[in-house]
Amino acid sequence: MSHNAYITAEPIEGSDDGPLAGLTVAVKDNISTEGVPTTCGSAMLAEYVPPYDATVVRRLKEAGATIPGKTNMDEFGMGTTTETSAFGPVENPAAEGHVPGGSSGGSAAAVAAGEADLALGSDTGGSVRCPAAFCGVVGIKPTYGLVSRYGLVAYANSLEQIGPLAPTVEEAAELLEVIAGPDDRDATTRDARAETGDDDAYDYAGAADGDVDGMEVGVPTELLEGADEGVTEQFWAAIDDLESRGASYHEVDLPSLSHAVEAYYVIAMSEASSNLARFDGVRYGLPASETDEGYEGDWNDTFARVREEGFGEEVKRRVLLGTYALSAGYQDKYYKKAQDARAWVKRDFDEALSEADVLASPTMPVPPFERGESLDDPLKMYLADANTTPVNLANLPAISVPAGETDEGLPVGLQLVGPAFGEKTVIRAGSALA
Ligand code: GLN
C-alpha cells in the first residue's frame, strides 16, 4: 500500500450483515485484534498478538464491517506527525511531502487515499482530529466515556477515547453509532441516553442534517492566537459559511486555554510513565532473549536493555519526564498543578458552553508540517496541539471537518466542541460544512 498507512494488512471479516456490511473500516494499531498483531507502532510490540478483541472491534465485526488492516501510528500514540512509528513514516495523500498528522496518521491517510472506507483512531490529545485536519477528512473525538476503551492499549487513560475518521460527517456519525454505548468491561463508560435524557441519543447519523439555523457559535480568542494566517483565513470563511446558514457567532475569552497544552503534557506523560511500565519483556514486550545481549546481567540490567532497545526516542523522553513529574518532591510542583489547570479548563469550557451551542476554532494552528520538520524540535510539535488538547482535559466531544486549503494547497480543519454527550450538536454543526 502506497502511503505506508498500514502496519499489518491482514483482513478480518465481519458478520454477513449489519449497518456496516460491505464497508471496510481500518483500525489503528493500538486497538486489540484477536489473532492479528497489534504493535502500537513500536518495536517493543512487533511480535505481540492479542488473545482477544477490543470492544470496538467486536462491535465492528457484529456490524458487518471488514477490517482491511491495522494502521500505522506514532509509537504508542505519542506524536503529532506519524513519524515516530518503528514501521516508518506515513505519507499524506492530500499534501505530498507533508506529514499526515498524528498520531492516527495511518487511519486518516487510509481514508484520504481510499484505502479504507472508514477508520478508527484514538484521541488522547488530538490524535483523531489532527490527522483528520491534515489529510482533509472528518474525525470525531467522543465525550470521555461514550466509547469503550477495553482493548485500547493505554497511553494516557484519563484523556483518551477511540473515535471515527471518514470522508463525510454523516459516515463518521454512522461509525460512531456502531462503537458508542456502555460496556461492562470498561467501568468509565456511560449511557448517552441516561446522560442526556434523549431516547434517540445514539442517532448520530440522523443529526447530520446540516441544520444550523439559530445555532450560537462561540469563538475562543485564545485558540486563534498564534495561528497561521492561511489557517485563520479558512477558519473565518467557514464561520461565514455557518452564518450564511442561519448560525450566529460571538467571541469569548477562556484564559485557562493558554495553559492547557502544558497541563496536558504533564498529565499525559505522567500517565504514560505508569501505563508503559508493563513493557518490560516479562509481562509484555520484547523478550529479553531477543535483545542484543540476551539474558546477560541481573534483572535490572535486563529490564533496562529491553526498554532501551524496544522503545523509540520520543517514548523514552516521555517516560523519563513523566516519571520525574510524579516523583516525590516534584509531584506537587508539576502533576498537582497540572490537575488544577485541568479543573480550570473544565470550568472555562462549561461557562463558555452555557452561552453557546458549540465552540469553534482551527483544529490545528498550522498547516501540515513538511516531513522531518518537527522531529528535531519536540517542543514545536507539542505546541501544535494547543487547540486539541484542552478538549481532552475537559472530557468533551469535538469534531474536525475540512475547511478548505491554504494558498499552498494544504488542508485546513475546523474544530467544533460541544458539551458533554453533545455529539449530536457537533455532528449537526459539522455536517453543514462537510
Ligand atoms: N500529539 C499528542 C501527543 O503526542 C496527542 C496524541 C494523541 O492524541 N494520542 O500526546
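As the structure is a computational prediction, the values presented were derived from the model and not from experiment.

## A short note on the sheet that holds strand β8 (residues 248–252)
Here 11 strands make up an open sheet; going across it, the order is β1-β3-β2-β4-β6-β5-β10-β11-β9-β7-β8 and the pairing mixed. Lying at the two open borders of the sheet, with one neighbouring strand each, are β1 (6–8) and β8. Sheet topology places strand β9 (residues 358–362) next to strand β11 (residues 411–417); four bridges connect them, and they run antiparallel. Paired with Ser 361 across the bridge in β11 is Gln 415.

## A look at the environment of Asp 253
One can find Asp 253 in the loop between β8 and α8 (260–275). Assessed through its relative accessible area of 57%, Asp 253 is described here as exposed. Expressed as a C-alpha distance, the spacing of Asp 253 and Thr 221, which sit 32 residues apart in the sequence, is 5.8 Å. Setting aside residues no more than four positions away along its own chain, Asp 253 makes contact with Thr 221 and Glu 222. At 2.6 Å, the side chain of Asp 253 and the side chain of Thr 221 are in polar contact.

## Concerning the environment of Glu 290
Secondary-structure assignment places Glu 290 in the loop between α8 and α9 (299–310). Sequence separation between Glu 290 and Lys 28 is 262 residues; the distance between their C-alpha atoms is 26 Å. Leave out the neighbours within four places in its chain, and Glu 290 touches Glu 47 and Glu 309.

## Examining the pattern of salt bridges
For the coordinates displayed, the defined rule picks out 14 salt bridges. One salt bridge connects Arg 428 with Asp 209, and the closest N-O pair in it is separated by 3.1 Å. Separated by 219 residues along the polypeptide, Arg 428 in helix α14 (residues 423–431) and Asp 209 in the loop between α6 (204–207) and β7 (216–220) bring together distant segments of the chain. When its relative accessible area of 25% is taken as the criterion, Arg 428 is described as partly exposed. Among the salt bridges present, the one from Arg 283 reaches Asp 280, with a minimum N-O distance of 3.0 Å. A single network of salt bridges, built from pairs that share partners, joins Glu 314, Arg 317 and Arg 318.

## Digging into the packing of helix α4 (residues 169–179) against α14
When two helices pack together, their arrangement is captured by the angle between the axes and the distance separating the axes. Running from amino to carboxyl end, α4 crosses α14 at an angle of 160°, the nearest separation of the two axes being 9 Å. In terms of their interaxial angle, α4 and α14 are classed as roughly antiparallel. Along this stretch, α4 crosses α14, giving a crossing that reads as left-handed. Residue-level inspection shows Val 169, Ala 173 and Leu 176 of α4 in contact with α14, the latter providing Glu 423, Ile 427, Gly 430 and Ser 431. Partitioning the contact of α4 with α14 into residue classes produces four nonpolar, two polar and one charged.

## Focus: the site of the ligand
Close to the ligand lie 15 residues, the nearest being Thr 124, Gly 125, Ser 127, Tyr 155 and Tyr 264. The contact in question runs from an oxygen atom of the ligand to an N or O atom on the side chain of Tyr 265, over 3.4 Å. Note that a nitrogen atom of the ligand is positioned 2.8 Å from one of the side-chain N or O atoms of Asp 385. Within the complex, 99% of the 300 Å² of free accessible area of the ligand lies under protein. For the shell around the ligand, a count of residues per class yields four nonpolar, eight polar and three charged.

Conventions and cut-offs
Residues numbered from 1 in each chain as written. Predicted model: local features only at pLDDT ≥ 70, side-chain atom pairs only at ≥ 80, totals over all residues. Heavy atoms only, no water. Pairing = 2+ DSSP bridges. Helix = DSSP H or I, 4+ residues; strand = E, 2+ residues; numbered from the N terminus. Buried < 20%, exposed > 50% of the residue type's maximum accessible area, 1.4 Å probe, protein only. Contact = heavy atoms within 4.5 Å. Polar contact = N/O pair within 3.5 Å; in protein donor to acceptor, adjacent residues only side chain to side chain. Salt bridge = Lys/Arg side-chain N within 4 Å of Asp/Glu carboxyl O. Axes fitted to C-alpha atoms, helices over the stretch in contact; angles between N-to-C directions. Parallel < 35°, antiparallel > 145°, perpendicular 65-115°, else oblique. Left-handed = near helix turned anticlockwise from the far one by under 90°. Nonpolar A, V, L, I, M, F, W, Y, C, P; charged D, E, K, R; others polar. Near = heavy atom within 4 Å. Areas by Shrake-Rupley, 256 points an atom, 1.4 Å probe, with all protein chains shown as cover.

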